[in-house]
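Observations on the three-dimensional arrangement
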Amino acid sequence: WPGLTRRRLAERALFLGKPTGETIPETPRTLKITAPVMQGEDVRQVQEALKKAGINLSPDGFFGKDSDSAVRQFQKQKGLTADGVVGAQTLKELGL
């Protein structure tokens, strides 16, 4: 029953705009080169962290070829698998 009650409260909040008081923890998305390109504040934060780590990159909030190359370069420097994917390990090394 408790699960059903939470679900009903969540549905009420969704459809009636009433907050439930519960928060859902946000997990960071895995950033990688895609078509169309990924974009957003999380991309910009990664780009700024890469720049702070000494990688030549202009933060623009779009995860394109330049970001992919910068991530691979950073991963090589840190001894990680240089796949261009910003997952948990890369985020940890970036301090994010």
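Notes on the structure follow. (Residues numbered from 1 in each chain as written. Predicted model: local features only at pLDDT ≥ 70, side-chain atom pairs only at ≥ 80, totals over all residues. Heavy atoms only, no water.)

Another point: the nonpolar core. Core analysis: the largest hydrophobic core is formed by 15 residues, its most contacted members being Leu31, Val46, Leu50, Phe63, Val86 and Leu94. Of all elements in the fold, only helix H2 (41–52), helix H3 (65–77) and helix H4 (88–94) reach the threshold of two or more residues within this core. When residues of this core are assigned to their parent elements, the largest contribution, four residues, is made by H2. The residues contacting leucine 94, other than those within four sequence positions of it, are Val46, Ala49, Leu50 and Phe74. (Core = buried A, V, L, I, M, F, W, Y, C linked by side-chain atoms within 4.5 Å. Buried < 20%, exposed > 50% of the residue type's maximum accessible area, 1.4 Å probe, protein only. Helix = DSSP H or I, 4+ residues; strand = E, 2+ residues; numbered from the N terminus. Contact = heavy atoms within 4.5 Å.)

Its 13 residues give H3 an end-to-end C-alpha distance of 18 Å, which sits within 8% of 18 Å, the value for a rise of 1.5 Å per residue. Among the residues making up H3, those that are buried are Ser67, Asp68, Ala70, Val71, Phe74 and Gln75. For H3, the angular spread of buried residues about the axis comes to 165°, placing them on one side. Facing away from the buried side of H3, by more than 90 degrees, are the exposed residues Lys65, Asp66 and Lys76. Next to the buried residues of H3 lie H2, strand S2 (62–63) and H4. One or two steps after H3, the chain reaches glycine 79, where phi turns positive at roughly 75°. (Expected span 1.5 Å × (residues − 1). Arc of directions from axis to C-beta.)

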